[in-house]
Amino acid sequence: MEQPTGTPTTPAGVFAAANVLVSDLDETMWVAKTSEELVEAVVVAERLRAHLAALEAAVVAEVHARGVAKQELAWGSTAEWFTHLAGTHRGTGHQTIRHADTLVNERSATHAAMVAGRVSPEQAAVIVDAVDRLPTDPGVRADGEAFLLDAATRLNATDLAKAARHLVEVADPDAAERKTEKELDRQDRAAHHHRYLSIADDGAGGIRLRGRGTVEDAAAIKAALLPLTKPAQALDPRDPDGDQLTDPRDHGARLWDALVETCRHALTTDLPPDCHGARPRIAVTTSLEALRQKIDWATLGTDLPMSDDGLELTPAVVRRMACDADLIPIVLGTHGEVLDVGRTSRLVTPAIWRALVCRDRHCAFPGCTRPPVMGHAHHIVHWADNGVTSLDNLVLLCGHHHRTIHHTPWQVRLNPTDGRPEFLPPERPGAPPPTWIRSRSRRE
């Protein structure tokens, strides 16, 4: 690749020169690189992507401010020009222009974080939209932006959006309650009205399923299927000693097999299979006030009512589902304490399992959010080492991270102050000594 000569004299020239330098990697044999080199390349590439997005935002904001697209290029709007130039969706183009103007003129801290590569473009979009929904007081918005920027160091854009929603709810709970309840109820009604399921020939000797339904429907379907997606035990050919067991099916294949098995099961018996010592049911974690029809979503650290497969439900849906005998509401007090889950026993009983799900909500391993129906109750002190089966000796882990704790130097404990799980990473050569963590930095 020909290298640029001289010093570029225009912004476009700098971008072009950078593109030439990056092009030197086009023929790289990545298979010959070490794992460390591959990971570091992705980390730096993401940092560069954020920096480029920040620079583009500054340029686009200036193009918009001058009216270049309309006055000089004869486009109907800057958004139409950018959508055409970038080849993106119309909605994305409009959002890019709006976010660019806000980033440059109002959310300078977020823009600076993008320049430094600490915040991705997707996270920046979440922050801009969330701060825009906060009360207009400059101090409140500055504090909200700082909170989300700090959270962005640990959360991906999806989880950051959840934190942003909580921030908006806490800052303006009444408005957030009304808007969110109304919107989710509207979506629920629309999904129910347009529900369908089709089974069609795919033209290749098989079939294709397509369908649509409500979140409530999804909670019931997942509650029935996910317990049956546990990987089957099969010898791993890469393990000559036969110590490790694996399943060649991916999650999608296991989910399909679970659907078929459930249908066959329904044809032969009216009893569903066992899961964690009890029939599969829909468990919903919510507050006592919400169950009493007093909406209380704005408590810090509390999500919308949530089923044990990770689906968020509106209080209206929960109250409707509560009429069903197969719903187990796990009711929390005002401080999130478990009010009643039953007695403990030697084995992980349904009561202990529900308490564990209520406390950990999903796989507790830093950075993992796999839902409880894909999880295991891990004994911190193993039963064979006289560890007891009680909530203060258990942690909820998905299958992958359960194996990680058993077969790698990672350690887990319950924090002695608040009783919540935290993890100790293994030591890394040249790195500072590890400390107990609950979340992982996005750029390790």
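Provided above is the structure to which this section pertains.
Report follows, based on the coordinates. Keep in mind that this is a model prediction, so the values were computed, not measured. (Residues numbered from 1 in each chain as written. Predicted model: local features only at pLDDT ≥ 70, side-chain atom pairs only at ≥ 80, totals over all residues. Heavy atoms only, no water.)

### A few points about the overall build of the protein
Within the protein one finds 16 helices and 11 strands. A fraction of 55% describes how many contacts in the protein between residues 6 or more apart in sequence connect residues 24 or more apart. Only carbon and sulfur atoms are counted for the fraction: they give 55% of the accessible area of the protein, which is about 26700 Å². (Helix = DSSP H or I, 4+ residues; strand = E, 2+ residues; numbered from the N terminus. Contact = heavy atoms within 4.5 Å. Areas by Shrake-Rupley, 256 points an atom, 1.4 Å probe, with all protein chains shown as cover.)

### Here's the deal with the pairing of strand β1 (residues 196-201)
With zero of six residues buried, β1 lies mostly on the surface of the structure. Pairing of β1 with strand β2 (residues 207-212), which is carried by six bridges, proceeds in the antiparallel orientation. For Ser198, the partnering residue across the bridge sits in β2 and is Arg210. Counting the residues that bridge the hairpin from β1 to β2 gives five residues, and of these Gly203 lies at a positive phi of roughly 80 degrees. (Buried < 20%, exposed > 50% of the residue type's maximum accessible area, 1.4 Å probe, protein only. Pairing = 2+ DSSP bridges.)

### Description of the packing of aromatic side chains
In the structure shown here, the tally under the stated rule is three aromatic pairs. Plain terms: the ring middles of Phe365 and Trp410 are 4.7 Å apart, the flat faces sit at 55 degrees to each other, and that makes the pair tilted. A residue pair is termed long-range when its members are at least 10 positions apart, and Phe365 in the loop between α15 (350-360) and β8 (375-379) and Trp410 in the loop between α16 (399-407) and β10 (411-414) qualify at 45 residues. The buried category is assigned to Phe365, whose relative accessible area is 3%. What links up through ring pairs into an aromatic cluster is the set Phe365, Trp410 and Phe423. (Phe/Tyr/Trp six-rings, centres within 6.5 Å; stacked < 30°, edge-to-face > 60°.)

### Here's the deal with the packing of helix α2 (residues 35-66) against helix α4 (residues 78-86)
With their axes 10 Å apart at the nearest point, α2 and α4 run at an angle of 140 degrees to one another. Here α2 is positioned oblique relative to α4, judged by the angle of their axes. Where α2 crosses over α4, the handedness of that crossing is right-handed. Contacts from Glu56, Val60, Val63 and His64 in α2 reach Thr78, Trp81 and Phe82 in α4. Residues of the contact of α2 with α4, tallied by class, amount to four nonpolar, two polar and one charged. (Axes fitted to C-alpha atoms, helices over the stretch in contact; angles between N-to-C directions. Parallel < 35°, antiparallel > 145°, perpendicular 65-115°, else oblique. Left-handed = near helix turned anticlockwise from the far one by under 90°. Nonpolar A, V, L, I, M, F, W, Y, C, P; charged D, E, K, R; others polar.)

### A few points about α4
Along α4, the positions that sit buried rather than exposed are Thr78, Ala79, Trp81, Phe82 and Thr83. As for α4, its buried residues are in contact with α2, α3 (68-71) and α5 (90-105).

### With respect to the pattern of salt bridges
Under the definition given, this model contains 11 salt bridges. As a salt-bridge pair, Glu46 and Arg49 come within 3.1 Å of each other at their nearest N and O atoms. Here Glu46 and its partner Arg49 are both found in helix α2, three residues apart, which amounts to about one turn of the helix. Taking relative accessible area as the criterion, Glu46 reaches 29% and is therefore assigned partly exposed. (Salt bridge = Lys/Arg side-chain N within 4 Å of Asp/Glu carboxyl O.)

### Looking at helix α6 (residues 108-115)
All of the buried residues along α6 are Thr110, His111, Ala113 and Met114. In a view along the axis of α6, the buried residues occupy a sector of 160 degrees, so they form one face of it. At its buried positions, α6 is contacted by α2, α5, α7 (121-132) and α8 (138-152). Directly after α6, the chain includes Gly117, whose backbone phi takes a positive value near 80 degrees. (Arc of directions from axis to C-beta.)

### Comments concerning the environment of His379
Of note, His379 is situated in strand β8. Classification of His379 as buried rests on a relative accessible area of 17%. With residues up to four places along the chain from it excluded, the contact list for His379 reads Val348, Val388, Thr389, Asn393 and Leu394.

Spatial relationships are all this shows, so hold off on functional conclusions.
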